[in-house]
Amino acid sequence: MCEGYPPGYGFVQEWKVGGILFGFGVIFSFYFFVELYDAYIMLAVYEQGHVVGVLEGAVAKPFLQLIDARRFVPFFLFQAVMAVYHYFYYYQGAKSIYLMRRLPRGGILIKSCVFGPLLCGGAGAVAAATLHLLYYFIYLLVIPGECRQGWGLTG
């Protein structure tokens, strides 16, 4: 038994589904490179089909307009739904919810419902943030410094 899940619960299947949803988020986040390419093309000066420089006064799209963190929303929604499902899992079969409520340490019920999803959600948030940080460094390498404008938090 894993302490972060209800007793007898098959958490490995949940991890697999969460991993698949996170993987889809990563795959769909690769669209950033299409957006980055489009932003770079708008800056470039071409001569006979080759890039020869950057348009004077050209400004690239800000980084935050190129990424779309919503691609990871299904993963995080899944984690929230699983926390609720863990609670209702106790109502199945032998109705162990009554036993869990009578335990001397009252926090065990809540811990077994939310610990696993919170841990997976936290790990997913760290991984997504790391991926976006990598994308930001790529953005800094591709877009010339004189063409960058802030983060793009407004407008």
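A short tour of the structure in this document, coming up. As the structure is a prediction and not an experimental result, all values here were calculated from the model. (Residues numbered from 1 in each chain as written. Predicted model: local features only at pLDDT ≥ 70, side-chain atom pairs only at ≥ 80, totals over all residues. Heavy atoms only, no water.)

Focus: the environment of Leu43
Here is the rule we go by: In this text, helices come from DSSP runs of H or I with a minimum length of four residues, and strands from runs of E with a minimum of two, each type numbered from the N-terminal end. The cut-offs for exposure are 20% and 50% of the maximum accessible area for each residue type, with area from a 1.4 Å probe on protein chains only; residues under the lower value are buried, those over the upper are exposed, and the others partly exposed. By definition, residues are in contact when any of their heavy atoms lie within 4.5 Å.
Position of Leu43 among the secondary structure elements: in the loop between α2 (31-41) and β1 (44-47). Overall, the relative accessible area of 1% leaves Leu43 in the buried class. Separated by 17 residues in the primary sequence, Leu43 and Ala60 have C-alpha atoms spaced 6.8 Å apart. Once residues lying within four places of it in the same chain are set aside, the contact partners of Leu43 are Gly53, Val54, Leu55, Ala58, Val59, Ala60, Ile143, Pro144 and Cys147.

A word on the pattern of salt bridges
Inclusion rule: By definition here, a salt bridge exists when the distance from a side-chain nitrogen of Lys or Arg to a carboxyl oxygen of Asp or Glu is within 4 Å.
Scanning the entire structure with this criterion turns up two salt bridges. Lys61 is the salt-bridge partner of Glu35, the closest N and O atoms lying 3.6 Å from each other. With a gap of 26 residues between them, Glu35 in helix α2 and Lys61 in the loop between β2 (50-54) and α3 (63-66) connect regions that are remote in the sequence. A relative accessible area of 17% means that Glu35 is categorised as buried. The exposure class of Lys61 is partly exposed, given its relative accessible area of 41%. For Asp68, the salt bridge identified is with Arg70, shortest N-O distance 2.8 Å.

Quick notes on the environment of Phe76
Relative to the elements of secondary structure, Phe76 occurs in helix α4 (residues 73-89). The exposure class assigned to Phe76 is partly exposed, which follows from its relative accessible area of 31%. In this structure the C-alpha to C-alpha distance between Phe76 and Gly122, which are 46 residues apart in sequence, comes to 9.3 Å. With residues near it in sequence (within four places) discarded, Phe76 still touches Gly121, Gly124 and Ala125.

Points about the pairing of β1
Put simply, the rule is: Two strands pair under a simple rule: DSSP has to find at least two bridges between them.
With four bridges connecting them, β1 and β2 associate as antiparallel partners. The residue bridging Tyr46 from the neighbouring strand is Val51, located in β2. Joining the antiparallel neighbours β1 and β2 is a turn of two residues, in which Gln48 adopts a positive phi near 55 degrees.

Some points on empty space enclosed by the protein
Stated precisely, the cut-off is as follows: In the cavity and pocket records, a cavity denotes points on a 1 Å grid over the protein atoms alone where a 1.4 Å probe fits but cannot get out, a pocket denotes an open set with protein on both sides within 12 Å along at least 5 of 7 lines, and lining residues are residues with an atom within 4 Å of a point. Grid points are joined across faces, edges and corners, and a volume is the space filled by probe spheres set on the points. Each residue is assigned to one of three groups, with Ala, Val, Leu, Ile, Met, Phe, Trp, Tyr, Cys and Pro labelled nonpolar, Asp, Glu, Lys and Arg labelled charged, and all others, Gly among them, labelled polar.
Counted by the stated rule, this structure contains one cavity of 30 Å³ or more. By volume, the largest cavity is sized at about 30 Å³. As for the largest cavity, its lining consists of Ser29, Tyr31, Phe32, Leu66, Ile67, Asp68, Arg71, His132 and Tyr135. Secondary structure elements with two or more residues in the lining of the largest cavity: α2 and α6 (107-142). Of the residues assigned to the lining of the largest cavity, the class counts are five nonpolar, two polar and two charged.

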